[in-house]
Amino acid sequence: MTEGVLPDTEIRAMIAAGAITAAPEVTDAQLQPASLDLRLGTVAYRVRASFLCGRGATVADRLAEFEMHRVSLQDGAVLEKGCVYLVPLAEGLRLPAGVTAVCNAKSSTGRLDLLTRVVTDGGVEFDRIPEGYDGALWAEICPRSFSVLVRPGMRLNQIRFRRGRAELSDAALRALHARTRLVDGDPVISAGLGFSVDLRPATGDLVGYRAKPHTGVIDLDRIGQYPAAEFWEEIRTTEGRIILDPGAFYILVSREAVTIPPDHAAEMAPYLAMVGEFRVHYAGFFDPGFGHAEAGGAGSRGVLEVRCHEAPFVLEHAQVVGRLVYERMAALPARLYGADIKSNYQGQGLKLAKHFK
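Residues numbered from 1 in each chain as written. Predicted model: local features only at pLDDT ≥ 70, side-chain atom pairs only at ≥ 80, totals over all residues. Heavy atoms only, no water.

A.B. asks: Please clarify how the side chain of Ser 196 should be interpreted in this entry.
C.D. replies: Among the structural elements, Ser 196 can be located in strand E15 (residues 193-196). A distance of 2.6 Å separates polar atoms of two side chains, one belonging to Ser 196 and the other to Glu 256. Aside from chain neighbours lying at most four places away, what touches Ser 196 is Val 253, Ser 254, Arg 255, Glu 256, Leu 304, Ala 318, Gln 319, Val 320 and Val 321. (Helix = DSSP H or I, 4+ residues; strand = E, 2+ residues; numbered from the N terminus. Polar contact = N/O pair within 3.5 Å; in protein donor to acceptor, adjacent residues only side chain to side chain. Contact = heavy atoms within 4.5 Å.)

Written out as structure tokens, the structure is:
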């Protein structure tokens, strides 16, 4: 069978074969071109600290050590900023041999500074699931900037499946760019496609947003309902640089407009700490068709979720802050991002999460 990221058609086949289990059943709205949205279950467990199970242990085993209290989500419940919660997911896995999985936060989740990762029985890594895994999935959720109201069935995480090796080498990535331009300028290719930050916008001086420290609760079901000014401070500059404050969370945008061809997918790699005192992005999936002209994109900027660490840090225009790792699809998906499904961020520039107006 062909190696690569599994498309929506194969994900459907996995559901039919029982490799993906769910109660209630998976809905069509959960299927993305190269991933499946995961849904929250009915209860949240407040825990003392984030943890990994380790080999031979289950999440239930470790919950007995770290649980503080539990909250029903049936009528909606607030997950408070700065606290750590574990929520069982509606989906489980019985992965066949040769198929691995990786999870990530959905775009809107990351833009709200919701740290959310998938935890498995026997797991030694967050968000990484080995072949042959047979068991439940849990979401660890830690709201960092805003308290949020959640309900069962909400989709904060997504899962992508791979067969064999999917990642492109730098040589293959250069060849792909020669066939289909992946970026609107000269590509910076080193273990993926380099992303740099845009701090000299073509018009105006708005370069980003910083989360306000004391805000109200965000109901994740309310789309386009919250005034941005109540939750975000605008960041403006005419100097091509900003100073990041320790502990603060920023929404910025990439200088490059990128394209993901229909026969490829991509993942934003976690930021390497040796470049500065900050982290860019909680990592995220880019679906086939993102920014692609035939899917209505004509290039789309990457939104950068930036958190500064211990020391103030000067971020300069065009500084490389992250990279996109491109992967082959095992087959073309039935639907492309932006063309055949409702896609909130196709053709995007600097943009907050869909909850804000």
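Next comes the rest of the account.
A.B. asks: How do you make sense of helix H1 (residues 8-17) when you look at a structure like this?
C.D. replies: Since there are 3.6 residues in each turn of an α-helix, residues three or four apart along the chain are aligned in direction. Every buried residue belonging to H1 is among Asp 8, Glu 10, Ile 11 and Met 14, and all of these are buried. Each buried residue of H1 sits inside an arc of 160 degrees when the element is viewed along its axis, so together they form one side. When the buried face of H1 is taken as reference, the exposed residues oriented beyond 90 degrees from it are Ala 16 and Ala 17. Residues of H1 that are buried make contact with strand E2 (20-22), strand E3 (31-32), strand E4 (35-39), strand E9 (99-105) and strand E14 (155-163). (Buried < 20%, exposed > 50% of the residue type's maximum accessible area, 1.4 Å probe, protein only. Arc of directions from axis to C-beta.)

A.B. asks: So what exactly am I meant to see when it comes to the packing of aromatic side chains here?
C.D. replies: The geometry of an aromatic ring pair is captured by two quantities: the separation of the ring centres and the angle between the planes. If you walk through the whole model with that rule in mind, you get nine aromatic pairs. Centre to centre, the rings of Tyr 45 and Trp 138 are 6.0 Å apart; their planes meet at 50 degrees, and the pair counts as tilted. Highlighted residues: Tyr 45 in strand E5 (residues 43-47) and Trp 138 in strand E12 (residues 134-143), separated in sequence by 93 residues. What makes Tyr 45 buried here is its relative accessible area of 13%. Between the aromatic rings of Trp 232 and Phe 249, the centroid separation amounts to 6.2 Å while the plane-to-plane angle is 45 degrees, which identifies the pairing as tilted. Taken together, the residues span a long stretch of sequence, with Trp 232 in strand E18 (residues 232-236) and Phe 249 in strand E20 (residues 249-258) at a distance of 17 residues. Across this residue pair, the class does not change: Trp 232 and Phe 249 are buried. (Phe/Tyr/Trp six-rings, centres within 6.5 Å; stacked < 30°, edge-to-face > 60°.)

A.B. asks: Help me out: how do you make sense of the pattern of salt bridges in this one?
C.D. replies: Throughout the structure, instances matching the rule amount to 25 salt bridges. The partner of Glu 91 in a salt bridge is Arg 39, and the shortest N-O contact between them spans 2.6 Å. Of this pair, Glu 91 sits in strand E8 (residues 84-94) while Arg 39 sits in strand E4; the two residues are 52 residues apart in sequence, bridging distant segments of the chain. Summarising the burial analysis for this pair, Glu 91 and Arg 39 share the class buried. Among the ionic pairs, Asp 205 bridges to Arg 236, the shortest N-O distance being 2.7 Å. With a gap of 31 residues between them, Asp 205 in the loop between E15 and strand E16 (206-211) and Arg 236 in strand E18 connect regions that are remote in the sequence. Shared partners join several salt bridges into a network, and the residues in it are Arg 128, Arg 160, Arg 162, Glu 267, Asp 287 and Glu 327. (Salt bridge = Lys/Arg side-chain N within 4 Å of Asp/Glu carboxyl O.)

A.B. asks: What is the right way to read helix H4 (residues 170-179) from this model?
C.D. replies: Of the residues making up H4, those classed as buried are Leu 173, Leu 176 and His 177. One side of H4 holds all its buried residues, which, seen down the axis, span an arc of 100 degrees. Facing away from the buried surface of H4 by more than 90 degrees, the exposed residues are Ala 171, Ala 178 and Arg 179. At its buried positions, H4 is contacted by E15, strand E21 (264-268) and strand E26 (320-328).

In short, shape yes, function no, at least from these values alone.
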